[in-house]
Amino acid sequence: MDLKKLNLEKIKEVAPKAWKDFECFYQTTYPSYFADEKLVPEKIPFEMLIGLLLRYFEENGIAWDVSNTDFNLLPDTLLEVFEDYEKVISHYS
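Rules behind the numbers
- Residues numbered from 1 in each chain as written.
- Predicted model: local features only at pLDDT ≥ 70, side-chain atom pairs only at ≥ 80, totals over all residues.
- Heavy atoms only, no water.
- Helix = DSSP H or I, 4+ residues; strand = E, 2+ residues; numbered from the N terminus.
- Rg over C-alpha atoms; globule rule 2.2 N^0.38 Å.
- Buried < 20%, exposed > 50% of the residue type's maximum accessible area, 1.4 Å probe, protein only.
- Contact = heavy atoms within 4.5 Å.
- Core = buried A, V, L, I, M, F, W, Y, C linked by side-chain atoms within 4.5 Å.

Caption draft 1: The overall build of the chain, seen in detail. Summing up its helical and strand segments, the chain has 5 helices and 0 strands in all. Along the chain direction, N to C, the helices and strands of the chain fall in the order α-α-α-α-α. In terms of overall dimensions, the chain is globule-like: its C-alpha atoms have a radius of gyration of 13 Å, near the 12 Å expected for 93 residues. Summarising its shape, the C-alpha atoms of the chain cover approximately 35 × 30 × 25 Å along the three principal directions. Across the 93 residues in the chain, those meeting the buried criterion constitute 34%. A fraction of 69% describes how many contacts in the chain between residues 6 or more apart in sequence connect residues 24 or more apart.

Now the structure itself:
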């Protein structure tokens, strides 16, 4: 998966609170991996990013149906999941 197709900038734009929460998650959950600012989600392969996102979503009770989604459609569904979670976070903050 080409990271250009996965538009992380768009996710950050439409779901800034949710993305910030995700950043806090991976930095605190995996501090030894993400201590070096050169390793960021934008620079890791999409397949690895899926695993990181699945762990984040699972811990926050967020549904992202990766198993029943065509691999090429995952970027679109990921954007939708972040948009939905942004609404939840905004409601409670």
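Caption draft 2: Expanded view of the nonpolar core. By size, the foremost hydrophobic cluster in this structure holds 27 residues, and its most contacted members are Phe22, Phe57 and Phe82. Elements supplying a minimum of two residues to this core: helix H1 (8-14), helix H2 (16-29), helix H4 (46-59) and helix H5 (74-92). Leaving out residues up to four positions away in the same chain, Phe57 has contacts with Ile62, Trp64, Leu78, Val81 and Phe82.

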